[in-house]
Amino acid sequence: RFTLDQATALAQRAIDSTRDDLPSQINRIFQIALQREPSSDELEDILPVVQQHGLATLCRVLFNSNEFLFVP
């Protein structure tokens, strides 16, 4: 439940801190979670998923990504 709540909170933070533009919100989530912007390929792949399932789903995906969990 904790991860779901944090994903929802991160999604809301992105919504609150950006204009009402989905690519900007996705960029903000990447910046907060991974300290980088998504590549053009990542953004292209992610956009339809977020449109269908919401920003919180993207947050959960990033929280479970290898890049988020491990420091190189």
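A brief report on the enclosed structure follows.

Calculation notes
- All residue numbers refer to positions counted from 1 along the written sequence of the respective chain.
- Per-residue local features are limited, in this predicted model, to residues with pLDDT of at least 70; the limit for side-chain atom pairs, both in listing and counting, is 80 or more; totals at the level of whole chains, interfaces and linings are taken over all residues.
- The side-chain quantities take in all heavy atoms of the structure and omit both hydrogens and water.
- For salt bridges, the criterion is a side-chain nitrogen of Lys or Arg within 4 Å of an Asp or Glu carboxyl oxygen.
- The classification of residues rests on relative accessible area computed with a 1.4 Å probe and restricted to protein chains. Under 20% of the type maximum is buried, over 50% is exposed, and intermediate values are partly exposed.
- Runs of H or I in DSSP of at least four residues are treated as helices and runs of E of at least two as strands, each being numbered from the N terminus.

Topic: the pattern of salt bridges
Scanning the model with the defined rule gives four salt bridges in all. When the shortest N-O distance is used, the salt bridge between D21 and R19 registers 3.7 Å. In this structure R19 comes out as exposed when scored by relative accessible area, which is 59%. Where E67 meets R36, a salt bridge forms, and the shortest distance between an N and an O atom there is 2.7 Å. Taken together, the positions of E67 in helix α5 (residues 66–69) and R36 in the loop between α2 (22–34) and α3 (40–53) put the pair 31 residues apart, joining distant regions of the chain. For E67, a relative accessible area of 41% corresponds to the partly exposed category.

Section: unusual backbone geometry
Despite not being glycine, Q35 has its phi angle at roughly 60°, a positive value. Looking at the secondary structure, you find Q35 in the loop between α2 and α3.

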